Amino acid sequence: METRDLASDFLALLPASYSERELFFLLGSAFIAGLARGFSGFGAALIFMPLAGSIIGPRLAAPVLLIIDAITAIGLP
């Protein structure tokens with residue numbers, strides 16, 4: 001499968017009300033927030049919430065951040 005096919009398959013799973021540009025911005029902001037948390041141990045919410053809140057709204061961004069943090073904290077001792 002080509003990379004473009006994987007990207008289009010992934011985007012097909014997401015709500016149609018958001019454009020590709022908005023979803024990739026959301027993914028990039030989650031990645032940058034994860035990098036900040038990885039280097040400093042905190043600060044993911046300080047980066048992710050304003051950026052994601054501008055795209056998907058704060059009522060949806062907060063649970064998304066909780067899910068992301070829960071998944072990444074599973075492997076911690």
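Please read all numbers here as calculations on a predicted model, not as lab measurements. (Residues numbered from 1 in each chain as written. Predicted model: local features only at pLDDT ≥ 70, side-chain atom pairs only at ≥ 80, totals over all residues. Heavy atoms only, no water.)

Asks: Teacher, can you tell me more about the overall build of the chain here?
Replies: From N to C terminus, the chain includes four helices and zero strands. Counting from the amino terminus, helix and strand elements in the chain follow one another as α-α-α-α. The buried share of the chain, reckoned over its 77 residues, is 18%. Of the contacts formed within the chain by residues at least 6 apart in sequence, a portion of 29% connects residues at least 24 apart. With an accessible surface of roughly 5,700 Å², the chain has 71% of that area assigned to carbon and sulfur atoms. (Helix = DSSP H or I, 4+ residues; strand = E, 2+ residues; numbered from the N terminus. Buried < 20%, exposed > 50% of the residue type's maximum accessible area, 1.4 Å probe, protein only. Contact = heavy atoms within 4.5 Å. Areas by Shrake-Rupley, 256 points an atom, 1.4 Å probe, with all protein chains shown as cover.)

Asks: Help me understand the packing of helix α3 (residues 44–56) against helix α4 (residues 58–73), please; the structure alone is not making it clear to me.
Replies: Geometry of a packed helix pair, given as the angle between the helix axes and the separation of the axes. With their axes 8 Å apart at the nearest point, α3 and α4 run at an angle of 140° to one another. Judged by the angle between their axes, α3 and α4 are oblique. Crossing geometry of α3 relative to α4 is assigned as right-handed. Only Pro58, Leu60, Ala61, Ala62, Val64, Leu65 and Ile68 of α4 make contact with α3, whose side of the interface consists of Ala45, Phe48, Met49, Ala52, Gly53 and Ile56. (Axes fitted to C-alpha atoms, helices over the stretch in contact; angles between N-to-C directions. Parallel < 35°, antiparallel > 145°, perpendicular 65-115°, else oblique. Left-handed = near helix turned anticlockwise from the far one by under 90°.)

Asks: Would you explain the side chain of Ser29 in this entry?
Replies: With respect to the helices and strands, Ser29 occurs in helix α2 (residues 20–40). There is a polar contact of 2.8 Å between the side chain of Ser29 and the backbone oxygen of Leu26. Every residue in contact with Ser29, bar those within four places of it in the chain, is listed here: Phe48 and Leu51. (Polar contact = N/O pair within 3.5 Å; in protein donor to acceptor, adjacent residues only side chain to side chain.)

Asks: Quick question: what am I supposed to make of the confidence of the model for the chain here?
Replies: Atom-level detail of predicted coordinates should not be read off regions where pLDDT is low. The predicted model of the chain has a mean per-residue pLDDT of 84, with 83% of residues at 70 or higher. The least confident element of the chain, judged by mean pLDDT, is helix α1 (residues 3–13) at 65; the most confident is α3 at 94. (pLDDT = per-residue confidence, 0-100.)

Asks: Any chance you could explain the packing of α2 against α3 here in plain terms?
Replies: At a minimum axis distance of 8 Å, the contact between α2 and α3 shows a crossing angle of 170°. As summarised for this structure, α2 and α3 are arranged roughly antiparallel, according to the angle between their axes. In this structure, α2 uses Glu22, Phe25, Leu26, Ser29, Ala30, Ile32, Ala33, Ala36 and Arg37 to contact α3, whose residues at the interface are Ala44, Ile47, Phe48, Leu51, Ala52, Ser54, Ile55 and Ile56. Its residues assigned to classes, the contact of α2 with α3 shows 13 nonpolar, two polar and two charged. (Nonpolar A, V, L, I, M, F, W, Y, C, P; charged D, E, K, R; others polar.)

Asks: What is the right way to look at the pattern of salt bridges in this model?
Replies: On inspection of all chains with the given rule, the structure shows one salt bridge. Note that Arg37 and Asp69 form a salt bridge whose closest N and O atoms lie 3.1 Å from each other. Placement of Arg37 in helix α2 and of Asp69 in helix α4 is noted, with a sequence separation of 32 residues between them. According to the relative accessible area criterion, Arg37 is partly exposed, its value standing at 28%. (Salt bridge = Lys/Arg side-chain N within 4 Å of Asp/Glu carboxyl O.)

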